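Each chain, written out:
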Amino acid sequence: MNRLLVFGAGGQVGRELSAAAAPPGWTVVGCDHEAVDIADAGTVAHCVTDMRPAAVVNAAAYTAVDRAESERESAFLVNETGARNVAAACAAARVPLIHLSTDYVFDGTKRDAYAEDDTTRPLSVYGASKEAGERAVRATQPAHIILRTSWVFAAHGANFVRTMLRLGAERTELRIVDDQRGGPTAALDIAGACLGLAAAIVGEPARWGTYHYVGTPVTTWHDFAAAIFAAVAGHRGPSPRLTRIATSEYKTAARRPMNSALDCGKIAREFGITQPDWRPALADVVARLLSAPEDRKSTRLNSSH
């Protein structure tokens, strides 16, 4: 039985991986922050040695995008040092690593979708810490796949969908940014991609490197919000009025890329993993939240996995 070890099992993707039906011949073992702090190299190494996995997914990350501007050390401790620790443990145990990264490694000035080999130029501390983590993984464990994704959402965790549902229940009007573009991606779909990748890379010729995996079609935050409230229609009272605004009208501590569209052709060619349509997944997540809503305490906009 092949074992897939998941660091960051308490996050959006990690929880979906831990709950997912593994492919035949596989079992998933999840470790959240309470079990394993990836900033502790010794603990990480012991966990990999003890678990003896066939592959590892690092879904652990510091994702408080705005707070990272004032907590640079904490962001880099998890997103760079932690990533290096996981990669080093995998290299020592000769175990392939799937490491999750983000669209925030780009500056968003490109007109078209970003390819994997486009120049990275992060605008924020969060983006810089994730880009540093990518470099650490590449330098430490050659047998790796870095999987960049964007605008992650689920029925749990801090994400845009849950924030919109909370604010929509409190306010009659929401002002939503309409000049940032990207691909919303369901955590469940990312988990499925990770399982597919793990099954493909174990015992097969190496196809290591960086890949993109995001939902389609590309949209804006405003139009994503509109889709969220369209999914809510009929389940509760009137939806709030949505007003389009520019990024310049919504001040945040961290700068966001204006274009987060990622080209996903490479992962389709190499692994046959195609882009998911985020709309059916959104309908499912909204239905789950409305039927059994979780704690809707304050969440952070534009967080990642």
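Residues numbered from 1 in each chain as written. Predicted model: local features only at pLDDT ≥ 70, side-chain atom pairs only at ≥ 80, totals over all residues. Heavy atoms only, no water.

## Describing the overall build of the protein chain
Secondary structure assignment for the protein chain yields nine helices and 12 strands. Against the compact-globule benchmark of 19 Å for 305 residues, the protein chain has a radius of gyration of 19 Å, which places it among compact chains. Seen through its principal axes, the protein chain has C-alpha atoms that stretch 55 × 40 × 35 Å. Per-residue burial for the protein chain yields a buried fraction of 52% across its 305 residues. For the protein chain, the proportion of contacts with a sequence separation of at least 24, taken over those separated by at least 6, is 83%. In the form shown here, the protein chain has an accessible surface area of approximately 12,800 Å², with 49% of it arising from carbon and sulfur atoms. (Helix = DSSP H or I, 4+ residues; strand = E, 2+ residues; numbered from the N terminus. Rg over C-alpha atoms; globule rule 2.2 N^0.38 Å. Buried < 20%, exposed > 50% of the residue type's maximum accessible area, 1.4 Å probe, protein only. Contact = heavy atoms within 4.5 Å. Areas by Shrake-Rupley, 256 points an atom, 1.4 Å probe, with all protein chains shown as cover.)

## Quick notes on the nonpolar core
Counting 37 residues, the largest nonpolar core has L4, L17, L147, I267 and F271 as its most contacted members. Elements with a minimum of two residues in this core: β1 (2–7), α1 (12–19), β2 (26–31), β3 (55–58), β4 (97–102), β5 (144–149), α6 (187–201) and α8 (265–271). Considering every element that reaches this core, the biggest residue donor is α6, with 10 residues. If we skip the residues at most four places from it in the chain, I267 touches L147, L197, Y211, H212, Y213, G272 and I273. M164, A186, A225 and V232 belong to the second-largest nonpolar core, a separate cluster that totals 25 residues. (Core = buried A, V, L, I, M, F, W, Y, C linked by side-chain atoms within 4.5 Å.)

## Examining the pattern of salt bridges
Scanning all chains against the criterion turns up 16 salt bridges. Note that R256 is salt-bridged to D66, the shortest N-O span being 2.6 Å. Of this pair, R256 sits in the loop between β12 (241–245) and α8 while D66 is found in the loop between β3 and α3 (72–93), placing the two residues 190 residues apart along the sequence. On the accessibility criterion, R256 (8% relative accessible area) is buried. Between R135 and E131 there is a salt bridge, and its shortest N-O distance comes to 3.0 Å. (Salt bridge = Lys/Arg side-chain N within 4 Å of Asp/Glu carboxyl O.)

## With respect to the sheet that holds β5
Here we have six strands laid out as an open sheet, ordered β2-β1-β3-β4-β5-β10, and parallel in their pairing. The open sheet has two edge strands, β2 and β10 (209–212), and neither has a second partner. The average angle at which neighbouring strand axes cross in this sheet is 20 degrees, direction not considered. Of the pairings in the sheet, the one linking β3 to β4 comprises three bridges and is parallel in character. Bridging across to β4, V56 finds its partner in L97. Relative to β1, helix α2 (residues 41–51) is tilted by about 160 degrees, and along the sheet it contacts β1 and β2. (Pairing = 2+ DSSP bridges. Axes fitted to C-alpha atoms, helices over the stretch in contact; angles between N-to-C directions.)

## Some points on the state of the cysteines
If you walk through the whole model with that rule in mind, you get zero disulfides. As a non-bridged cysteine, C47 has C31 as the owner of its nearest cysteine sulfur, 3.8 Å distant. (Disulfide = S-S within 2.5 Å.)

## Thoughts on the packing of helix α5 (residues 160–170) against helix α7 (residues 221–232)
Where α5 contacts α7, the two axes come as close as 10 Å, and the packing angle between them is 65 degrees. For the pair α5 and α7, the sense of crossing is right-handed. Across the interface between the two elements, F160, V161, M164, L165 and G168 of α5 pack against W221, F224, A225, I228, F229 and V232 of α7. Of the residues assigned to the contact of α5 with α7, the class counts are 10 nonpolar, one polar and no charged. (Left-handed = near helix turned anticlockwise from the far one by under 90°. Nonpolar A, V, L, I, M, F, W, Y, C, P; charged D, E, K, R; others polar.)

## Concerning the packing of aromatic side chains
This model, assessed by the stated rule, comprises nine aromatic pairs. Centre to centre, the rings of F160 and F224 are 5.5 Å apart; their planes meet at 15 degrees, and the pair counts as stacked. On the criterion of sequence distance, the pair formed by F160 in helix α5 and F224 in helix α7 is long-range, its members being 64 residues apart. Across the pair, exposure class does not vary: F160 and F224 are buried alike. Both rings, one in F224 and one in W278, keep their centres 5.2 Å apart while their planes meet at 80 degrees; by these two values the pair is edge-to-face. Separated by 54 residues along the polypeptide, F224 in helix α7 and W278 in helix α9 (residues 278–291) bring together distant segments of the chain. (Phe/Tyr/Trp six-rings, centres within 6.5 Å; stacked < 30°, edge-to-face > 60°.)

## With respect to α7
Look at α7: 17 Å from first C-alpha to last across 12 residues, which is about the 16 Å you get at 1.5 Å a residue. All buried positions along α7 are accounted for by W221, H222, F224, A225, I228, F229 and V232. The buried residues of α7 occupy an angular sector of 160 degrees when the element is viewed end-on, so they sit on one face. Those residues of α7 hidden inside the fold are in contact with β6 (152–153), α5, β7 (173–177), β11 (219–220), β12 and α9. Just past α7, the residue G234 takes up positive phi, approximately 90 degrees. (Expected span 1.5 Å × (residues − 1). Arc of directions from axis to C-beta.)

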